[in-house]
Amino acid sequence: MGEKYAALFILYNPSNEELLNIVKVSSFYDIIYVYNNSESKEGYEKILTSKNIQYFGSGKNNGLSIAYNTILKQAFDDEVSWLSLYDQDSIVSESMILHMIRFSQNIDDENIACLAPYIQYGNEKIDDLETREISWTINSGQMLNVKNILKKNIHYDENLFLDRVDKDFCKQIELAGMKIIQVSGAVLKQKLGENYNGYSVHSPIRNYYIQKNRLYYNYKYYGTFIGTIISLAQTFNHFIYI
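So, how was this worked out
Along every chain, residues carry numbers that run from 1 in the direction the sequence is written. Totals for whole chains, interfaces and linings use all residues, but because this is a predicted model, local features are given only for residues with pLDDT of at least 70 and pairs of side-chain atoms are given and counted only at 80 or more. Heavy atoms from the whole structure form the basis of all side-chain values; hydrogens and water molecules are not counted. Planes of paired rings set the category: under 30 degrees apart is stacked, over 60 is edge-to-face and the rest tilted, where pairs are Phe, Tyr or Trp rings (Trp by its six-membered ring) whose centres lie within 6.5 Å. Secondary structure is summarised from DSSP: a helix means a run of H or I of at least four residues, a strand means a run of E of at least two, and numbering begins at the N terminus for each. Each residue's exposure class comes from its accessible area (1.4 Å probe, protein chains only) as a fraction of the maximum for that residue type: buried when under 20%, exposed when over 50%, partly exposed otherwise. Two limits define a charge over a ring: the Lys NZ or Arg CZ must be within 6 Å of the ring centre, and within 35 degrees of the ring normal. Here, strands pair whenever DSSP counts at least two bridges between them.

(A) Looking closely at the packing of aromatic side chains. Taken as a whole and assessed by the stated rule, the structure comprises seven aromatic pairs. Pairing Tyr217 with Tyr221 gives two aromatic rings, centres 4.9 Å apart and planes at 55 degrees, and the pair type is tilted. Taken as a pair, Tyr217 and Tyr221 lie in helix H7 (residues 204-222) at a separation of four residues, close to a single helical turn. Relative accessible area serves as the criterion here: at 8%, Tyr217 is assigned to the buried category. An aromatic cluster of at least three residues, connected via ring pairs, comprises Tyr68, Tyr156 and Phe169. In this arrangement the basic side chain of Arg164 is found over the ring face of Tyr217, its NZ or CZ atom lying 5.6 Å from the centre. Positioned over the ring face of Trp136 is Lys167, at 4.3 Å from the centre of the ring.

(B) Inspection of the pairing of strand E4 (residues 82-87) at higher detail. Where burial is concerned, most of E4 is hidden: five out of the six residues are buried. When strand E1 (residues 5-11) meets E4, the two strands line up parallel, connected through six bridges. Across the sheet, Tyr5 pairs through a bridge with Trp82, a residue of E4. The pairing of E4 with strand E7 (residues 143-145) spans three bridges and is classified as antiparallel. Paired with Trp82 across the bridge in E7 is Asn145.

Structure (structure tokens):
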């Protein structure tokens, strides 16, 4: 039996264009998990008609960590080998998917927890596309080795709703002695908030959660004293560009 591939898209009031993008890539995966964080899914099923799509959600916004843990467990139960994570606004290309899948089929390393593409924001140029080990990557585009991750009891911290979810997960991978490999030639185009003078600008409520989760993460891994110093420095740097 060959390896089974699945992808997870987390929805929050998506546009029809974003839903159609899911349909376009559905044929590359054995299963498409759709976790709906919107209050309703009215009209979604009329567009997401692929037979391999499975729906999840509770009619409210549960954030990222609960959604990821729910689908990670479901993927294990479905005997999925590799689970790809995507934001609804990720621009997922056939080329990126094939680069990731082909790479996964040619590795035999139980210490690899995750594969990651290069991330391209807007029209920025990416010069270096070598395959290499990295310490952190954003959630979207990750291809998780389901069995390796759960064997090490790595899960998403449900105290984190949105921000720092990726940092925390990658930190757990590092502490477990596992690897994140960035794959040569795999590029995911991604959006990042509003842009001002080259910096991402978020809403006031988003900035609140960025600071709250940053403090939680720093305390968790560095303790109260050092965590406070790190948080103050990061907060100062963050608010310069708001």
